[in-house]
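# Coordinate inspection notes
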Amino acid sequence: MAAPLGFRMDASACIGCRSCVIACKSKNGLPPGTHFRRIIEYGGGTWIPDPEDPTLLAPSGIFAYCLSLSCLHCEEPACVPACPTQAIQQRPDGIVLIDSGRCTGCRYCEWACPYGALAFDSSTGRMIKCDLCVDLVDGGEEPWCVTSCVTRALEVGPIQELRARHGQLDALAPLPSGEQTLPRLVITPHPHGQPAGQGTGRSSNPERDLR
Amino acid sequence: MSDPPGRDQNRPYHLHRRDFLKWSAVAGGSALVVGGLGAGLPLLRGPRLPWDIEEPGVPAPGPVRLTGGEWIPAACWHNCGGQRCLLAAYVVDGQVLAVKSDDTQPDTPHAPQMRACARGRAQEGQVFGPDRLRHPMKRRNWQPGGGRRELRGMDEWERISWDEALDLTAAELERILGEHGNESILELGSTLRHLFTGLGGAVINWGSTSWGTWLDTGPMIGLGDGLSRTSHNDRLDLQNCELIVLWGGNPAWSAQGNTMYYYLQARRAGAKFIFIDPYYNDSAMTLADEWVPVRPGTDHALALGMAYTLLDEDDPQHNPLIDWDFLNRCTVGFDREHMPAGAHPDDNVRDYVLGRRDGVPKTPEWAARTCGVSAPRIRRLARRIARTRRTALLTAWAPARTHDSDSWPQMFLTLGCMMGHLGQTGRMTGVSCWERTADGGPFLIGPGGSGVPPLRGAPRRTTARINNSELWDAVLEGEYTAREGDRRSIDLRAIVHDGASALNQVSGLLKGIEAHRRVEFVLTLNFVYNTNARYSDVVLPVTTQWERHSYFKGNRSHLTWARQVVEPQYEARDDSWIAAELGRRLGLDPAEMLPLSPEQEEFNRLAGAWVVGPQGQGRERLVTITEEDIREMGVQGQPQKGRITLAEFREKGIYVVPRRPGDGLGHIAFEAFRKDPRGHPLSTPSGRFELHCQTIADHVRSVGFSRIDPIPVYRPPAEGYEETFDDFERGIKGPFPLQLMTLHYRRRTHSVFDNVAWLREAFPQEFIMNTLDAEARNLATGDIVLIRSRHGAVLRPVFVTERIMPGVVALGEGAWADVDPGTGLDRAGATNVLNGARPTGQGHQGWNTCVVEVTPYRGPIRLQADWRQPPRMPQGAV
Ligand code: SF4
């Protein structure tokens, strides 16, 4: 059985530049309004009277970091059981794919996925999502998001190997805890990374925020 | 799918990859079957492009099937400030199916792939955009002499033939030249420069834009401008730093490509980072161990407070903070014992800082009030930077893009010299930005010359040059400053936009529109309907670099050779062809204007391409060229031996000089000078760093806008923090209480790419404001705000964040102005509507000094999300 694949995302190196987002759009021919991959910006902190000079304001605990996310090809994908027509299936190597022939566009999967990974294609009335560049992966190449990263913050590979090398962390605020779907994701935290569910900041792109 | 009426039936604009794929799907006959789930997953779907969204019935999005074509190295050709990356376009039968970046070599930290940014990857969005200018156009109500000039920017367009366009352009230029002479034509680009040289010249513009005051001050004090001459060490030596100070810069936005990767490597090697910036920007987010927020235009005051701290606390025995040996040997002007010849001994930096010269000690307390950093923090900052031996004291040009900042580079240098952070491994002071971010030193590779001989121009009939900040006044008022005490009258009748984007990208945009409506003729050469084109009378469509023969560009350690990707789109022609055709009509010899074929120019660049030898010794030829290569290219030349074959370079489109520590290709700026300043003098009059520099003081004076001292004296800038007050002493705020910063924005390279839907979506043109300022005005993210300066007003959605200092707001430069004719409000957020044309100092653009007020907007104008707005198209002609 093929070793399941997953992503490693180095949040300490991600600059939020969206090269991966555009590479993904280019690879998949996605129009504006449709994303397979997104950047989530999270940050917080405040301004207080400067303790050393009350005539000035000083930053207090201001932080920010970015996460680059697509479908996480989870071990227990919430989208798969949510689909009434069994249109979403997982290959032995973990890649979650939509059979567009079976998809009826009911959008239940979109509601089920905690990562907002599924997109509704209004031109066909079907759901679409990241397929991990399966055409490339099957040919031994890497997905375009990975090879586009200018700070080398993305990596794809057998998830067991990635976890062995980079640890077990699979969520940072504002992501939901990984317990729900067991995402095949390893995050290298940003120095200011905050634990999922306990974040003190807010996502700065709320319109595309996770539910 | 039928074309709307008027569209060129021979080259329907959407015959690009979508239609091609539909066709190929039919011809191929089989669906692409992927993965282990087999035939249940028919994934071959024609890809959909951003500009297709309004057309119903297009195939679903899906991965592109790449067979039957080839990857062609493709240009990314803008003044982007990035590393100059490699793109490749997959082309089948003249159609581009996909765009990728460098994968020609394994990716290693020392020899990384030259990976493109989001903009480069979206390049197809502008080459094949729906708003490509397709054919020559004439403004409907234009007549020779101007016609209804006030309609510029609002008029309809008429499609005309190339012959008609060239004839009437030549006739109008001839008429204006005949009636008003060469000094009546203002040329604001350069692609027709040969034409105007042949005709006896035209009036041109001048003035530092990107560099701020580093352009003139940097070289005159001995440091360099940061582009043509750098003063930082190479990228591998950055990894020897213990501390890297980035003072006013955000490479993650303004220097894309690999540059942040280089800084990350330094961080992994152990360097700590301090960011001094009004904005906790994305580079700070990634790298900063410490963030010091400072108000725009007050960096000089902060640096003075730090210099005072060093002088105050330095004790050579017990607390050495100042490198006196370096100051004494390598600089002039720091104290009265080390003055350059002819200087008054009172004019020394030390006495100025301590207040002996003007009675005002530049204490941290004095500085805090202006710069917004508390005095204790200023002291700690000065101590930390001075005590960390291997420190890179780096800045970008932004703090120098402020009014009256001609002495700032000198102040920055003064700090570096006081701490001795120059000329050794891990130690450097100067500019690290734009293309040269994080990698200083002379180039290791480069192309040869084109071999085009300089044109024999006609005798020049004008030498007038107008500063960018006086351009529109010169048109409207008929006067400009030639130099100190020398105001001249001028009678401008035509504006020629041969490239560049002057109307949008020079301060005082609303005045610029007025100026465009004043003259008799406005000509634009471009490939998109940008702001220049919109306010013109005749628009000539030019090719993009993807439609031209070849393009060479690189950076310190790589060279790219991009080739023609597709045929010219629609009726677009090269600028050089247009110049020759206009020249022919105006009595010049076109053969002289196009002396070499594009193939011969390409060959000359290849044959002359060089790469540094092993251990940095000498230069070698880069390319091996055989007799057969020369025959195939159809050019004149000699075979030669080089490092790689022509075939390899042609296929990959890139050569990267491999780097590793100790390879002899590193660079320590000013190393020899520091060891032996007499034996290796700088090019300044004193041969040393000039902390007292008469050259720059005389230069600024001669320009005629303002005066500066020969030492770095702080001058409150026009439209700086001080001007947010009615009464600075008593702390009473004025009508424009906020300071606007004008940022390089990720969506664009200056104004280029603003029209690309993918990028408009990824990077909305939002107005950045601190939470406290927003609360005070009852604003939340997404609210539409009216931003007013003394010079104009724009509308934008606000983005509220703690990451910017209270009192400071920011907007990205380069959005294509969209001025509502009724209200005069710009809907796009073009920063030059807000930034006024104010000539100061060396005549640079002072974009980071501008005072504004922000209020909720409750008027009738509605703004759509940027990416939902339809592309801007010329009315009537398409
Ligand atoms: S950094 Fe510059 S050269 Fe590189 S892809 Fe971006 S725009 Fe193009």
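Computed from a predicted structure; not experimentally measured. (Residues numbered from 1 in each chain as written. Chains lettered and ligands numbered in written order. Predicted model: local features only at pLDDT ≥ 70, side-chain atom pairs only at ≥ 80, totals over all residues. Heavy atoms only, no water.)

## So, the overall build of chain B
Put simply, the rule is: Only DSSP runs of H or I with at least four residues qualify as helices, and only runs of E with at least two residues qualify as strands; both kinds are numbered from the N terminus onward. A radius of gyration in this sense is built from C-alpha atoms; the matching globule rule multiplies 2.2 Å by the number of residues raised to 0.38. Areas reported as accessible are Shrake-Rupley estimates using a 1.4 Å probe. Residue values count occlusion only from the protein chains shown. Neither His nor the chain ends is counted toward charge; the positive residues are Lys and Arg and the negative residues Asp and Glu. Charge placement uses NZ in Lys and CZ in Arg. For Asp and Glu, CG and CD serve respectively.
Assigned secondary structure in chain B consists of 30 helices and 36 strands. Taking 2.2 N^0.38 as the reference for a compact globule, 878 residues should give roughly 29 Å; the C-alpha atoms of chain B span a radius of gyration of 28 Å, in line with that estimate. Dimensions of chain B along its principal axes, counting C-alpha atoms only, are 85 × 65 × 60 Å. Carbon and sulfur atoms provide 49% of the accessible area of chain B, an area that totals close to 30000 Å². Positive and negative charge centroids in chain B, built from 101 and 106 side chains respectively, lie 3 Å apart.

## Looking at the pairing of strand E16 (residues 479-483) of chain B
Residue and element names in this part refer to chain B. Defined as follows: Pairs of strands are assigned from DSSP output, requiring at least two bridges between the strands.
Pairing between E16 and strand E17 (residues 486-489): four bridges, direction antiparallel. Following the sheet pairing, Tyr480 is matched in E17 by Arg488. Hairpin connection from E16 to E17: two residues lie between these consecutive antiparallel strands, with Gly485 at a positive phi of about 70 degrees.

## Some remarks on the interface of chain A and chain B
Heads up, the condition is: Contact definition: two residues touch when any of their heavy atoms are within 4.5 Å. Defined here as a combined quantity, buried area equals the accessible surface (1.4 Å probe) lost by two parts on assembly, summed across both. The term salt bridge refers to a pairing of a side-chain nitrogen on Lys or Arg with a carboxyl oxygen on Asp or Glu at a separation within 4 Å. Polar contacts here mean pairs of N or O atoms no more than 3.5 Å apart (in protein, one a potential hydrogen donor and the other a potential acceptor; neighbouring residues in sequence count only if both atoms are side-chain atoms).
On the chain B side, the residues contacting the 65 residues of chain A number 76 residues. Surface buried jointly by chain A and chain B totals about 5400 Å² across both partners, of which 58% is contributed by carbon and sulfur atoms. Three residues stand out in chain A for area buried against chain B, namely A:Pro32, A:Trp47 and A:Arg152, and they jointly supply 13% of the buried area on that side. Connecting chain A to chain B are five salt bridges. Across the salt bridge formed by A:Arg152 and B:Asp107, the nearest N and O atoms sit 2.8 Å from each other. Connecting chain A to chain B are 20 residue pairs in polar contact (both at pLDDT 80 or more). Those elements giving two or more residues to the side of chain A that touches chain B turn out to be helix H1 (19-28), strand E2 (38-50), strand E3 (53-69), strand E5 (96-98), helix H4 (134-138) and helix H5 (144-148) of chain A.

## Here we look at empty space enclosed by the protein
Residue and element names in this part refer to chain B. Let me state the cut-off plainly: Both site types are read off a 1 Å grid over the protein atoms alone. A 1.4 Å probe that fits but cannot get out defines a cavity, while an open set with protein on both sides within 12 Å along at least five of seven lines defines a pocket; lining residues have an atom within 4 Å of a point. Grid points are joined across faces, edges and corners, and a volume is the space filled by probe spheres set on the points.
Applying the stated rule across the entire model yields 13 cavities of 30 Å³ or more. Size it by volume and the largest cavity reaches roughly 420 Å³. Taken together, 33 residues make up the lining of the largest cavity; nearest its centre are Gly248, Gly249, Asn250, Asp277 and Ala398. Those elements that provide at least two residues to the lining of the largest cavity are helix H8 (251-254) and strand E31 (738-743).

## Regarding the pairing of E31(B)
All names here are of chain B. Stated formally: The buried label goes to any residue with under 20% of its type's maximum accessible area, the exposed label to any with over 50%, and the partly exposed label to all in between, with areas taken from a 1.4 Å probe on protein chains only.
A large share of E31 lies buried, amounting to six of its six residues. Note: E31 against strand E36 (residues 851-856), two bridges, orientation antiparallel. Directly across from Gln739, in E36, lies its bridge partner Val851.

## What about the sheet that holds strand E13 (residues 428-431) of chain B?
Residues and elements named next belong to chain B. This is how the line gets drawn: Note on geometry: axes are lines fitted to C-alpha atoms, helical ones only across the stretch in contact, with angles between N-to-C directions running from 0 to 180 degrees.
Taken in spatial order, the five strands of this open sheet run E10-E9-E8-E12-E13, and their pairing is parallel. One side of each edge strand has no neighbouring strand; the edge strands of this open sheet are strand E10 (290-292) and E13. Mean inter-strand twist for the sheet, computed between neighbouring axes without regard to direction, equals 15 degrees. Pairing analysis gives three bridges linking strand E9 (residues 272-276) to E10, with the strands arranged parallel.

## Digging into the site of the ligand
Basically, it comes down to this: What makes a residue near a molecule or strand is one non-hydrogen atom of that residue sitting within 4 Å of it. Amino acid classes used here: Ala, Val, Leu, Ile, Met, Phe, Trp, Tyr, Cys and Pro are nonpolar; Asp, Glu, Lys and Arg are charged; the rest, including Gly, are polar.
Around the ligand, a shell composed of B:Cys76, B:Cys80, B:Gly82, B:Arg84, B:Cys85, B:Ala116, B:Cys117, B:Arg119, B:Gly120, B:Gln256 and B:Gly257 is seen. Partitioning the shell around the ligand into residue classes produces five nonpolar, four polar and two charged.

## A few points about the side chain of A:Glu155
Relative to the assigned elements, A:Glu155 resides in strand E8 (residues 154-158). If sequence neighbours within four positions are ignored, A:Glu155 has contacts with A:Gly6, A:Phe7, A:Arg8, A:Val146, A:Leu162, A:Arg165 and A:His166.

## What to know about helix H27 (residues 694-703) of chain B
Residue and element names in this part refer to chain B. Selection rule: The arc in question is traced by the directions running from the helix axis to the C-beta atoms.
Buried within H27 are the following residues: Ile696, Ala697, Val700 and Val703. One side of H27 carries all its buried residues, which in axial view fall inside an arc of 130 degrees. Summarising the contacts, the buried residues of H27 are in contact with strand E7 (203-206), helix H6 (214-220) and E16.

## Digging into the packing of aromatic side chains
What counts is decided by this rule: Pairs were defined over the aromatic rings of Phe, Tyr and Trp, the Trp ring being its six-membered one, requiring ring centres within 6.5 Å. Orientation was assigned from the angle between planes: stacked under 30 degrees, edge-to-face over 60, tilted for the rest. Geometrically, a lysine NZ or arginine CZ counts as sitting over a ring once it is within 6 Å of the ring centre and also within 35 degrees of the ring normal.
For the coordinates displayed, the defined rule picks out 32 aromatic pairs over all chains. Here the aromatic rings of B:Trp324 and B:Phe334 are separated by 5.8 Å at their centres, their planes lie at 70 degrees, and the arrangement is edge-to-face. Of this pair, B:Trp324 sits in helix H12 (residues 324-330) while B:Phe334 sits in the loop between strand E11 (331-332) and helix H13 (349-354), and the two are ten residues apart along the sequence. Here the aromatic residues B:Trp214, B:Trp247, B:Trp408 and B:Phe412 are joined through ring pairs into a cluster of three or more. Of note, A:Arg37 hangs over the ring of A:Phe7, and the distance from its end group to the ring centre comes to 4.9 Å. Over the ring of B:Trp71 we find B:Lys100, and its NZ or CZ is 4.1 Å from the ring centre.

## Here we look at the environment of B:Glu183
All names here are of chain B. On the secondary structure map, Glu183 appears in the loop between helix H4 (162-180) and strand E6 (185-187). Of the residues examined, Glu183 reaches a relative accessible area of 31% and is grouped as partly exposed. Distance in space between the C-alpha atoms of Glu183 and Trp211 is 28 Å, their sequence separation being 28 residues. Residues in contact with Glu183, not counting those within four places in the same chain, are Val203, Thr462, Thr463, Ala464, Ile490, Asp491 and Leu492. Reaching out from Glu183, the side chain makes a polar contact with the side chain of Thr462 at a distance of 2.7 Å.

## Examining the sheet that holds strand E27 (residues 654-656) of chain B
All names here are of chain B. Pairing is antiparallel in the open sheet, where three strands are placed in the order E21-E22-E27. Bordering the open sheet on either side are strand E21 (550-555) and E27, each of which pairs with just one other strand. Taking each pair of neighbouring strands and ignoring which way they run, the sheet shows an average axis angle of 10 degrees. Its contacts with the sheet place helix H23 (residues 598-608) against E21 and strand E22 (558-563), and it is angled at close to 30 degrees to E21.

## A few points about the side chain of B:Thr402
Residues and elements named next belong to chain B. Within the secondary structure, Thr402 is located in the loop between strand E12 (391-395) and helix H16 (408-419). Classification of Thr402 as buried rests on a relative accessible area of 2%. Only 3.0 Å separates the side chain of Thr402 from the backbone oxygen of Pro399, close enough to count as a polar contact. The contacts of Thr402, once residues within four sequence positions are left out, are Gly297, His844, Gln845, Gly846, Asn848 and Thr849.

## Concerning the nonpolar core
The line we're drawing: Take the buried residues of types Ala, Val, Leu, Ile, Met, Phe, Trp, Tyr and Cys, join any two whose side-chain atoms come within 4.5 Å, and each joined set is a nonpolar core. Each domain's extent was defined by an automatic or database domain assignment.
Ranked by size, the top nonpolar core spans 108 residues in total, and within it B:Leu238, B:Ile244, B:Tyr263 and B:Phe273 carry the most contacts. It is E3(A) that provides the largest number of residues to this core, a total of seven residues. Here this core gathers at least three residues from each of two domains, domain 2 (214-335 + 390-441 + 671-703) and domain 3 (721-868) of chain B. Beyond its immediate chain neighbours, meaning those up to four positions away, B:Phe273 contacts B:Ile244, B:Leu246, B:Tyr263, B:Ala266, B:Arg267, B:Leu287, B:Ala288, B:Asp289 and B:Glu290. In this structure, B:Leu302, B:Ala307, B:Leu381 and B:Met419 belong to the second largest nonpolar core, which totals 68 residues.

## Re the pattern of salt bridges
For the coordinates displayed, the defined rule picks out 82 salt bridges over all chains. Here A:Lys25 ties to B:Glu761 by a salt bridge, and the two come within 2.6 Å at their closest N and O atoms. Taken together, the positions of A:Lys25 in helix H1 and B:Glu761 in helix H28 (residues 757-762) put the pair across two chains. Each member of the pair, A:Lys25 together with B:Glu761, is buried. Residues participating in the shared-partner salt-bridge network are B:Glu172, B:Arg175, B:Glu179, B:Asp491, B:Arg493 and B:Glu520.

## Digging into the environment of B:His516
All names here are of chain B. Structurally, His516 is set in helix H19 (residues 509-516). Residue His516 is classed as buried on the basis of its relative accessible area, which comes to 0%. Remark: the alpha-carbon pair of His516 and Leu503, spanning 13 residues in sequence, is separated by 8.7 Å. Non-local contacts of His516, meaning those with residues more than four positions away in its chain, are made with Arg152, Trp472, Ile495, His497, Leu503, Val522 and Tyr535. Polar side-chain contacts of His516 include one of 2.8 Å to the backbone oxygen of Gly512.

## What about the packing of helix H11 (residues 299-313) of chain B against helix H14 (residues 364-371) of chain B?
All names here are of chain B. Convention followed: Geometric relationships in this document are graded by angle, where less than 35 degrees denotes roughly parallel, more than 145 denotes roughly antiparallel, 65 to 115 denotes roughly perpendicular, and other angles denote oblique. In this scheme, a crossing is called left-handed if the near helix is turned counterclockwise away from the far one by less than a right angle; it is called right-handed if the turn is clockwise.
Taken N-terminus to C-terminus, the directions of H11 and H14 make an angle of 165 degrees; their axes are 8 Å apart at the nearest point. Judged by the angle between their axes, H11 and H14 are roughly antiparallel. Where H11 crosses over H14, the two elements pack in a sense that is left-handed. Every residue of H14 that contacts H11 at Ala301, Leu302, Leu304, Gly305, Tyr308 and Thr309 is listed here: Pro364, Trp366, Ala367, Thr370 and Cys371.

## Focus on the confidence of the model for chain B
Residues and elements named next belong to chain B. To keep things clear, this is the line we draw: Known as pLDDT, the predictor's per-residue confidence is scaled from 0 to 100.
Averaged over all residues, the pLDDT of chain B is 92; the fraction at 70 or higher stands at 92%. Segment residues 1-60 is flagged for pLDDT under 50; beyond a separation of four residues in sequence, or across chains, it makes 122 contacts in the model. Reported confidences for the modelled complex are a pTM of 0.94 and an ipTM of 0.97.

## A word on the state of the cysteines
Residues and elements named next belong to chain B. What counts here: Our working definition of a disulfide is a cysteine sulfur pair at a distance within 2.5 Å.
On inspection of all chains with the given rule, the structure shows zero disulfides over all chains. Cys433 carries a free sulfur, and the closest cysteine sulfur to it, the one in Cys80, is 12 Å from it. Using a relative accessible area of 7% as the deciding quantity, one classes Cys433 as buried.

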